[in-house]
Amino acid sequence: MTKYISKRVLFGIATLFVLATVTFFMMYLIPGSPFAGELKGVSESIRERLIAQYDLDKPIMLRYIKYLKNVLAGDFGTSLHRKGALVTDIIAKGIPYTAALGTVAFCVAMSLGTLLGALAAFTRQRWIKGSVSFIATIGVSIPSFLIALLMMVVFGVKLHWLPLVGLGGWKNYIMPSLALALGPIAMISRLVKSGLQEELRQDYITLARSKGTAFVVIVFRHALKNALLPVVTYAGPLLATLITGSFVVETMFTIPGIGAEFVNSVTNRDYTLIMALTIFYGALLIIANILTDVIAAAIDPRVRLK
């Protein structure tokens, strides 16, 4: 297991390095300037001083090497758009909102997805199977921002049941968390349904039933454990994605999380904030994948051989 984890960690570090490198060069090669609005009507000396302050007048390779050294030292720099604001402070201020919303959406997706998938696998009622399939189709077909927009119009504007802005109370979580969770619910329910149906056809299930073992015991002790392996593999990246936020959904509900910060940083060409958010998101996703691989290997030792 130690060798397996070490390989995953080394691969994750290499992936993060490639991600940071590609993002850095692509970001600086895109036409435009973060000071486009500020440089209008100013003197040449002020223009040169502002550009030199952020090393934008130096060769890109020198900037890249300096940036890597600063990142390894834990210095992600200051925001180019918000003068004097540390990038780490901006992320630290937004992550609690994003993490809270993402955690709620993750719990909703896992619980409802598993419940619906198990229900569809065991029931003999066609209308239940059809309802689960309908929900799964809707979740896969309609993007989260469109679902959020429909809920805002119906439950916020027309019926006035739910608030439209911020995360002030528990009601504020309902619409954005459902908008984020519906797609994962569809995927998880399909994985659980197909996994359980496949496991219940295995020989060891038939043997256990022939010995008189209760069906509930067979399901929870044997079938569900093996059926949830694909769900565990999917859950790690899902958790990382939800915790780092949905860019569009956070912007729609005016949630001051890092998803909205990422959208604003791209719009304003805030290079330092873009890089920090990309590295943060990549690191969280890589850690989630490593933990998922370890959990999957603990559930099924055959995974270590792949």
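As the structure is a computational prediction, the values presented were derived from the model and not from experiment. (Residues numbered from 1 in each chain as written. Predicted model: local features only at pLDDT ≥ 70, side-chain atom pairs only at ≥ 80, totals over all residues. Heavy atoms only, no water.)

## Quick word on the overall build of the chain
Basically, it comes down to this: Helix and strand assignments come from DSSP, with helices taken as H or I runs of at least 4 residues and strands as E runs of at least 2, each series counted from the N terminus. Residue exposure (1.4 Å probe, protein chains only): buried if accessible area is under 20% of the type maximum, exposed if over 50%, otherwise partly exposed. Residue contacts are defined here by distance: any two heavy atoms, one from each residue, within 4.5 Å place the two residues in contact. When charges are counted, Lys and Arg contribute as positive and Asp and Glu as negative, whereas His and the chain ends are disregarded. Every charge is mapped to an atom, namely NZ of Lys, CZ of Arg, CG of Asp or CD of Glu.
Summing up its helical and strand segments, the chain has 13 helices and zero strands in all. Counted from the first residue to the last, the chain has its helices and strands arranged as α-α-α-α-α-α-α-α-α-α-α-α-α. Based on the C-alpha atoms only, the size of the chain along its principal axes is roughly 85 × 55 × 30 Å. Within the chain, buried positions represent 38% of all 306 residues. Pairs at least 24 apart in sequence give 75% of the contacts found in the chain among residues at least 6 apart. Here the chain holds 29 positive side-chain charges and 15 negative ones, and the gap between their average locations is 12 Å.

## Let's talk about the nonpolar core
This is how the line gets drawn: By nonpolar core we mean a set of buried residues, namely Ala, Val, Leu, Ile, Met, Phe, Trp, Tyr and Cys, connected to one another through side-chain atoms within 4.5 Å.
L180, I188, V192, L196, L242 and F253 are the most contacted members of the largest nonpolar core, which has 37 residues in total. Broken down by secondary-structure element, the contributors of at least two residues to this core are α4 (87-122), α6 (144-158), α7 (170-199), α8 (203-210), α9 (215-227) and α10 (229-243). No other element matches α7, which puts nine residues into this core. Among residues more than four places away in sequence, those in contact with L196 are A118, A121, F122, A223, L224 and A227. Grouped together as the second largest cluster of nonpolar side chains are 12 residues, F24, L80, Y271 and I279 included.

## What to know about helix α3 (residues 60-72)
Let me state the cut-off plainly: A helix's residues, less one, multiplied by 1.5 Å, set its expected span. Here the arc refers to the directions that run from the helix axis out to each C-beta atom.
Helix length check: α3, at 13 residues, gives a terminal C-alpha distance of 18 Å against a target of 18 Å (1.5 Å per residue), a fit within 8%. Listed in full, the buried residues belonging to α3 are R63, Y64, Y67 and V71. Down the axis of α3, the buried set is contained in an arc of 100 degrees. They therefore lie on one face. Looking at α3, the residues exposed on the side facing more than 90 degrees away from the buried face are L62, K69 and L72. Of the surrounding elements, those touching the buried residues of α3 are α1 (2-29) and α13 (271-299). Remark: G74 follows α3 within two positions and exhibits a positive phi of approximately 85 degrees.

## Comments concerning a nonpolar patch on the surface
Threshold: Note on patches: the residues involved have over 30% relative accessible area and no salt bridge, like charges join within 9 Å, and the nonpolar side chains Val, Leu, Ile, Met, Phe, Trp and Tyr join within 5 Å. Throughout, the Shrake-Rupley method with a 1.4 Å probe supplies accessible areas, and for residues the shown protein chains are the sole cover considered. Salt bridge, as applied in this entry: a Lys or Arg side-chain nitrogen positioned within 4 Å of an Asp or Glu carboxyl oxygen.
On the surface, F145, L146, L149, L150, V153, V154, L159, W161, F247, V248 and V263 cluster together into a nonpolar patch covering about 910 Å² of accessible area. When residues in the nonpolar patch are grouped by element, the largest group, six residues, is from α6. If you trace the backbone, V154 turns up in helix α6.

## Quick notes on unusual backbone geometry
Phi angles above zero are rare outside glycine, and H160 is one such case at about 60 degrees. H160 sits in the exposed class, given a relative accessible area of 63%.

## Considering the packing of aromatic side chains
Note the threshold: Here a Phe, Tyr or Trp ring, Trp counted by its six-membered ring, pairs with any other such ring whose centre lies within 6.5 Å, and the pair is stacked when the planes are under 30 degrees apart, edge-to-face when over 60, and tilted otherwise.
Tallying each qualifying case throughout the model produces five aromatic pairs. Note on F24 and Y64: the rings are 5.4 Å apart at their centroids and 55 degrees apart in plane angle, and the pair reads as tilted. Taken together, the positions of F24 in helix α1 and Y64 in helix α3 put the pair 40 residues apart, joining distant regions of the chain. With respect to burial, F24 and Y64 carry one shared label: buried. Aromatic ring contacts, followed pair by pair, group F24, F25, Y64 and Y67 into a single cluster.

## Here's the deal with the confidence of the model for the chain
Our working definition: A residue's pLDDT is the predictor's confidence in that residue, given on a scale from 0 to 100.
For the chain, the mean per-residue pLDDT works out to 83, and 91% of the residues sit at or above 70. Across the chain, the element-wise mean pLDDT spans from 68 in helix α2 (residues 44-53) up to 91 in α6.

## Considerations on the pattern of salt bridges
For the structure shown, the criterion picks out one salt bridge. Among the salt bridges present, the one from E198 reaches R201, with a minimum N-O distance of 3.1 Å. Taking the relative accessible area as the measure of exposure, E198 reaches 38% and is therefore partly exposed. Judged by relative accessible area, which is 59%, R201 ranks as exposed.

## Examining the environment of N268
Inspection of the secondary structure puts N268 in the loop between α12 (258-267) and α13. The spatial distance from the C-alpha of N268 to the C-alpha of L162 is 32 Å, given a sequence separation of 106 residues.

## Points about the packing of α9 against α10
Here is the rule we go by: Only the contacting stretch of a helix is used when fitting its axis, a line to C-alpha atoms as for every element, and angles between N-to-C directions run 0 to 180 degrees. Under this scheme an angle from 65 to 115 degrees is roughly perpendicular, one under 35 degrees roughly parallel, and one over 145 degrees roughly antiparallel; angles in between are oblique. Asp, Glu, Lys and Arg are counted as charged, while Ala, Val, Leu, Ile, Met, Phe, Trp, Tyr, Cys and Pro are counted as nonpolar; the rest, among them Gly, fall into the polar class.
Put simply, α9 and α10 touch, their axes get as near as 4 Å, and they point 45 degrees apart. Judged on the interaxial angle alone, α10 and α9 are oblique. Between α9 and α10, the contacting residues are K225, N226 and A227 on the first element and L229, P230 and V231 on the second. Broken down by class, the residue content of the contact of α9 with α10 amounts to four nonpolar, one polar and one charged.

## Things to note about the packing of α7 against α9
The following threshold applies: Each helix crossing is assigned a hand: it is left-handed if the near helix lies turned anticlockwise from the far helix by less than a right angle, otherwise right-handed if that turn is clockwise.
Between α7 and α9, the least distance of the axes is 8 Å, while the angle of their chain directions is 130 degrees. It follows from the interaxial angle that α7 and α9 lie oblique. With respect to the hand of their crossing, α7 and α9 are arranged in right-handed fashion. On α9, the residues that touch L191, G195, L196 and E199 of α7 are A223, L224, N226 and A227. Across the contact of α7 with α9, the residue classes break down as five nonpolar, two polar and one charged.

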